[in-house]
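Working through the structure, step by step
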Amino acid sequence: MPEARTDSYRGAVRDALALAMRADANVILMGEDIGEAGGVFKQTEGLFAEFGAARVIDTPISESGAFGIAVGAAMTGLRPVFEVMFGDFITLVMDQLVNQAAKVHYMSAGAMRAPLVLRTAVGIGASLGPQHSQSLHAWAAHVPGLKVVLPADPADAKGLMMAAIDDDNPVVFIEDRNLYTLKGPVPEGPYRVPFGQAAVKRPGRDLSVIATGRMVSIALAAAERAAAQGIEAEIVDPRTLVPLDVATLVRSVQKTGRALVVDGGARAFGAGAEIAATLAEEAFDWLDAPVRRLGAADLPVPFNANLESLILPDARGLAQAMIALVRG
Amino acid sequence: MNAAAATPAQPEAEAAPYLALLGQMMRIRAFEEQARRLFASGQVPGLLHLCSGQEAMAVGVCSALRPTDVIASNHRGHGHCLAKGADPARLMAEILGCASGYGLGRGGSMHVFDPANGNIGTNGIVGGGIPLAAGAALSAQRRGTDGVAAGFFGDGALNQGLLFEVLNMAAIWRLPVLFVCENNGYGEFTAIETVTAGKSMIARGQVFDIPAEHVDGMDVLAVRAAAERAVARARAGEGPSFIVGTTYRYGGHHAGDAQDYKDKVEAEAWQKKDPIPRLARHLIERGLASAAHIDALGKEVEAAIEEAVKAAKAAAPPTASDLVRHLYA
Ligand SMILES: Cc1ncc(C[n+]2csc(CCOP(=O)(O)OP(=O)(O)O)c2C)c(N)n1
């Protein structure tokens with residue numbers, strides 16, 4: 001690994017975009033307000049100045065059409081990175097994503113591909129209300145032909161973004177706004193975090209906590225609380241939901257005998273349900289207790305901050321769940 | 001006219017491009033007729049949308065394009081595929097669900113991709129190909145080629161919001177793209193007038209300052225001329241064009257459609273405008289080809305399609321191992 005410096009999650013994503021654009025003239029950015037304005041959350045700041053309007057393309061507020069154009073461009077030689085401003089808005093690009101991009105390689109028997117990245121920002125906790133707070137990553141993960149990435153820290157955000165841009169398939173890249181200011185060591189220069197490789201972010205012997213995206217930070221904080229009670233949680237971050245590194249998850253459960261799955265999307269029919277079911281199937285013989293699953297409440301995310309704070313498990317609640325799972 | 005005009009070889013050279021258009025339309029007609037028969041005898045699985053009657057649109061537009069130019073087609077796309085260079089045997093194999101088809105028989109008629117000939121797909125989603133064509137145009141423009149793209153869609157897609165979004169972007173970015181609407185009067189079983197507001201279809205392009213024109217979609221020469229104007233503008237960096245061709249599908253929405261919603265008189269009137277005999281008459285009147293020559297061309301084309309169909313029918317089905325191939329690149 002090259003030398004690391006401290007960077008934010010936001011800066012790490014931006015760094016990856018800049019490196020990929022310098023390396024390949026076919027990488028372009030598309031999205032609303034991403035040009036001179038630098039993006040609503042400043043993720044593309046400076047890129048317009050470096051690469052110009054031909055490669056950092058401000059689109060009108062026409063998600064469906066603009067993303068469809070990105071798909072057509074991807075099919076014919078470009079590698080677009082398309083920003084959907086809020087995660088909730090991927091509903092508007094679903095036909096292009098699901099019926100066009102995801103299926104074209106299969107339908108064409110490999111003669112065509114759609115190498116593009118759809119990046120979007122989700123995040124509960126800023127009083128943005130029900131239409132700006134939901135994460136629909138499980139929708140994307142449900143579509144064969146898509147890859148789904150949820151980086152949890154700055155180093156992964158950069159390496160996964162570089163891998164996503166390299167990938168010849170449509171990749172849905174879910175950033176969490178709550179992580180944008182999270183700082184961490186980020187290796188200098190280009191590097192890739194390969195898809196389908198989970199990372200053990202904290203080793204532990206008593207239970208496996210499989211956490212995705214922002215829930216990794218919350219799980220790490222919860223693990224400290226549980227450790228104070230003598231419970232050592234192993235935190236495993238799948239990093240990519242599709243492809244899912246089942247082997248690493250199972251190995252962790254073989255060691256600990258217990259599994260708690262924590263995902264930031266609505267709990268019912270969510271990514272956590274898929275992981276829990278997979279562990280029940282693949283690791284049953286090693287489980288000393290039923291797999292436990294936590295997630296966002298099955299509700300629209302409310303505006304009022306007090307109510308909103310009840311939607312996701314916090315570190316305290318998560319620590320309690322860890323302890324309860326081990327103590328039975 | 002140059003001096004060569006006086007030489008006897010000249011009429012042949014002059015006739016060649018017209019005969020190419022005629023032969024291409026005859027080929028598509030023969031292909032669709034074979035497909036219809038195969039469907040009637042229960043050999044075509046699923047839905048089959050035939051384009052007989054609409055050949056002049058596909059042939060006129062594609063004849064103005066280069067092999068490297070791109071088209072995006074729709075659910076009624078066999079004509080577009082063939083006009084852009086598809087191998088009829090592989091196309092029919094795909095329609096029959098055979099492994100030698102363009103998608104290993106896993107796509108079918110509505111999902112045919114032939115990128116080697118610049119065809120990025122027929123499409124099962126009404127309007128779905130429109131942004132793909134514009135995206136191919138964006139790609140050509142940003143990669144600095146002088147490539148052009150054309151998106152084919154039916155009148156039904158005129159009422160998809162997606163079209164308006166894409167027209168707007170094509171105009172602001174001056175994309176080298178042709179929006180080609182084939183107005184055959186119906187979307188499935190519904191007459192276009194009953195679901196479409198506004199006096200003029202081309203106004204939908206004009207509102208974005210996109211040059212737009214109506215053409216007689218049963219006249220391949222008129223379609224080609226309009227497409228050539230649009231392609232010249234696109235290559236010159238002058239941006240998109242919008243073409244609405246008035247045409248007619250002789251068959252139903254899909255093979256097997258009883259067509260109760262159609263008027264017999266109307267259908268007969270359209271048959272009189274058939275683009276194939278129309279071009280043939282034109283060639284004979286201008287002394288560019290004899291009736292016998294045209295007859296022979298028709299037979300030759302039909303025989304070639306019959307051969308292709310024979311090959312497709314003899315093709316093997318995909319195997320179980322083909323099921324899981326190509327999910328990811
Ligand atoms: C988004 C979408 N809606 C509905 C359909 C079902 N459908 C298939 S073809 C068709 C009619 C399309 O009419 P038009 O675009 O005029 O083309 P034509 O069939 O007349 O060639 C419909 C409604 C579909 N495939 N996709």
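The rules behind each value
- Residues numbered from 1 in each chain as written.
- Chains lettered and ligands numbered in written order.
- Predicted model: local features only at pLDDT ≥ 70, side-chain atom pairs only at ≥ 80, totals over all residues.
- Heavy atoms only, no water.
- Domains from an automatic or database assignment.
- Contact = heavy atoms within 4.5 Å.
- Buried area = accessible area lost by both parts, 1.4 Å probe.
- Salt bridge = Lys/Arg side-chain N within 4 Å of Asp/Glu carboxyl O.
- Polar contact = N/O pair within 3.5 Å; in protein donor to acceptor, adjacent residues only side chain to side chain.
- Helix = DSSP H or I, 4+ residues; strand = E, 2+ residues; numbered from the N terminus.
- Buried < 20%, exposed > 50% of the residue type's maximum accessible area, 1.4 Å probe, protein only.
- Core = buried A, V, L, I, M, F, W, Y, C linked by side-chain atoms within 4.5 Å.
- Pairing = 2+ DSSP bridges.
- Axes fitted to C-alpha atoms, helices over the stretch in contact; angles between N-to-C directions.
- Parallel < 35°, antiparallel > 145°, perpendicular 65-115°, else oblique.
- Left-handed = near helix turned anticlockwise from the far one by under 90°.
- Nonpolar A, V, L, I, M, F, W, Y, C, P; charged D, E, K, R; others polar.
- Disulfide = S-S within 2.5 Å.
- 1 Å grid on protein atoms, 1.4 Å probe; cavity = no way out; pocket = protein on both sides within 12 Å on 5 of 7 lines; lining within 4 Å.
- Points joined across faces, edges and corners; volume = space filled by probe spheres on them.

**Looking at the domain arrangement of chain A**
Residues and elements named next belong to chain A.
- Segmentation of chain A into domains returns domain 1 (4–187) and domain 2 (199–327).
- Put simply, the middle of domain 1 and the middle of domain 2, counted by C-alpha atoms, are 26 Å apart.
- On the domain 2 side, the residues contacting the 25 residues of domain 1 number 26 residues.
- Both faces considered, domain 1 and domain 2 share a buried interface measuring about 1900 Å² in area, 60% of it formed by carbon and sulfur atoms.
- Interface area lost by domain 1 to domain 2 is led by Ile-124, Ser-127 and Leu-150, which between them contribute 29%.
- Where Arg-239 meets Asp-156, a salt bridge forms, and the shortest distance between an N and an O atom there is 2.9 Å.

**Considering the interface of chain B and chain A**
- In this assembly, 36 residues from chain B lie in contact with 44 residues from chain A.
- Summed over both sides, the interface between chain B and chain A buries roughly 3100 Å², with carbon and sulfur atoms accounting for 70% of that surface.
- When the area that chain B buries against chain A is broken down by residue, the three leading residues are Phe113(B), Tyr328(B) and Ala329(B), summing to 20%.
- Run the count over chain B and chain A and you get 0 salt bridges.
- Our count for the contact surface shared by chain B and chain A stands at 13 residue pairs in polar contact (both at pLDDT 80 or more).
- Of all the secondary-structure elements, those providing two or more residues to the side of chain B that touches chain A are helix H5 (129–142) and helix H6 (161–172) of chain B.
- Examining the composition of the side of chain B that touches chain A, we find that 8 residues originate from one element, H5(B), more than from any other.

**Observations regarding the pattern of salt bridges**
- Taken as a whole, this structure holds 33 salt bridges over all chains when the rule is applied.
- Residue Asp7(A) is joined to Arg5(A) by a salt bridge in which the shortest nitrogen-to-oxygen separation is 3.4 Å.
- With a closest N to O distance of 3.2 Å, Arg37(B) and Glu33(B) form a salt bridge. Taken together, the residues Arg37(B) and Glu33(B), both in helix H1 (residues 10–40) and 4 residues apart, mark about one turn of the helix.
- A relative accessible area of 28% places Glu33(B) in the partly exposed class.
- One salt-bridge network, held together by shared partners, links Arg5(A), Asp7(A), Asp15(A), Lys158(A) and Glu188(A).

**Topic: the nonpolar core**
- Within the largest apolar cluster, 124 residues are counted, with the highest numbers of intra-cluster contacts made by Met30(A), Phe67(A), Leu279(A), Leu138(B), Phe153(B), Phe179(B) and Phe242(B).
- No other element matches helix H1 (residues 9–23) of chain A, which puts 9 residues into this core.
- Viewed by domain, this core spans two of them, domain 1 (4–187) and domain 2 (199–327) of chain A, each represented by three or more residues.
- Apart from the residues lying within four places of it in its own chain, the contact partners of Phe179(B) are Ile130(B), Gly151(B), Phe153(B), Val166(B), Leu167(B), Ala170(B), Pro240(B), Ser241(B), Phe242(B) and Ile243(B).
- If you look at the next biggest cluster of nonpolar residues, it comprises 65 residues, including Ala64(B), Met92(B), Ala227(B) and Ala280(B).

**Structural notes on the sheet that holds strand S7 (residues 241–246) of chain B**
Residue and element names in this part refer to chain B.
- Strand order in the open sheet made by the 5 strands is S1-S2-S3-S7-S6, with parallel pairing throughout. Each edge of the open sheet is held by one strand with a lone partner, namely strand S1 (70–72) and strand S6 (212–216). Ignoring which end each strand starts from, the neighbouring axes of this sheet average 20 degrees apart.
- Pairing geometry for S6 and S7, over 5 bridges, is parallel. Following the sheet pairing, Ala-212 is matched in S7 by Phe-242.

**What to know about the sheet that holds strand S14 (residues 292–296) of chain A**
Residue and element names in this part refer to chain A.
- The mixed open sheet is built from 5 strands, whose spatial order is S9-S11-S10-S13-S14. The sheet terminates laterally at strand S9 (199–202) and S14, the two strands that pair on one side only. The average angle at which neighbouring strand axes cross in this sheet is 25 degrees, direction not considered.
- The pairing of strand S10 (residues 207–211) with strand S11 (residues 233–237) spans 4 bridges and is parallel. Across the sheet, Val-209 pairs through a bridge with Ile-235, a residue of S11.
- Of the strands in this sheet, S10, S11, strand S13 (259–266) and S14 touch helix H12 (residues 315–327), which is tilted by about 150 degrees from S13.

**Considerations on the packing of helix H2 (residues 55–62) of chain B against helix H8 (residues 220–235) of chain B**
Residues and elements named next belong to chain B.
- Relative to each other, H2 and H8 sit at 40 degrees, their axes nearing to 8 Å. The orientation of H2 with respect to H8, classified from their angle, is oblique. In this structure, H2 meets H8 at a crossing whose hand is right-handed. Judged by residue contacts, Ala-56, Met-57, Val-59, Gly-60 and Val-61 of H2 engage Val-220, Val-223, Arg-224 and Ala-227 from H8.
- Classifying every residue of the contact of H2 with H8 by side-chain character gives 7 nonpolar, 1 polar and 1 charged.

**Here we look at the state of the cysteines**
All names here are of chain B.
- Scanning the entire structure with this criterion turns up 0 disulfides over all chains.
- Unpaired in terms of disulfides, Cys-51 finds its nearest cysteine sulfur in Cys-81, a separation of 9.4 Å.
- Here Cys-98 stays unpaired: no disulfide links it, and the sulfur of Cys-81, its closest cysteine neighbor, is 16 Å away.
- Cys-98 sits in the buried class, given a relative accessible area of 9%.

**Thoughts on the layout of surface pockets**
All names here are of chain A.
- Computed from the structure, the largest pocket encloses a volume of approximately 370 Å³.
- What lines the largest pocket is a set of 31 residues, among which Ser-135, His-137, Gly-264, Gly-265 and Ala-266 lie closest to the centre.
- At the level of elements, helix H6 (137–141), strand S7 (171–176) and S13 are the ones that each hand at least two residues to the lining of the largest pocket.
- The residue inventory of the lining of the largest pocket, partitioned by class, reads 18 nonpolar, 10 polar and 3 charged.
- Inspection of the lining of the largest pocket shows a minimum of three residues originating in each of domain 1 (4–187) and domain 2 (199–327).

**Description of empty space enclosed by the protein**
All names here are of chain A.
- Applying the stated criterion across every chain yields a total of 1 cavity of 30 Å³ or more.
- Elements represented by at least two residues in the lining of the largest cavity include exactly strand S2 (27–31) and strand S4 (79–84).
- Here the residues of the lining of the largest cavity are counted per class, giving 5 nonpolar, 1 polar and 2 charged.

**Some points on the environment of Arg204(B)**
Residue and element names in this part refer to chain B.
- Residue position: Arg-204 is located in helix H7 (residues 203–206).
- On the accessibility criterion, Arg-204 (14% relative accessible area) is buried.
- Put simply, Arg-204 and Asn-123 are 81 residues apart on the chain and 22 Å apart in space, counted from C-alpha to C-alpha.
- If near-sequence neighbours (up to four positions away) are discounted, Arg-204 is found in contact with Leu-158, Asn-159, Phe-164, Leu-167, Thr-196, Ala-197 and Phe-242.
- One polar contact links Arg-204 to Asn-159, side chain to side chain, over a distance of 3.0 Å.

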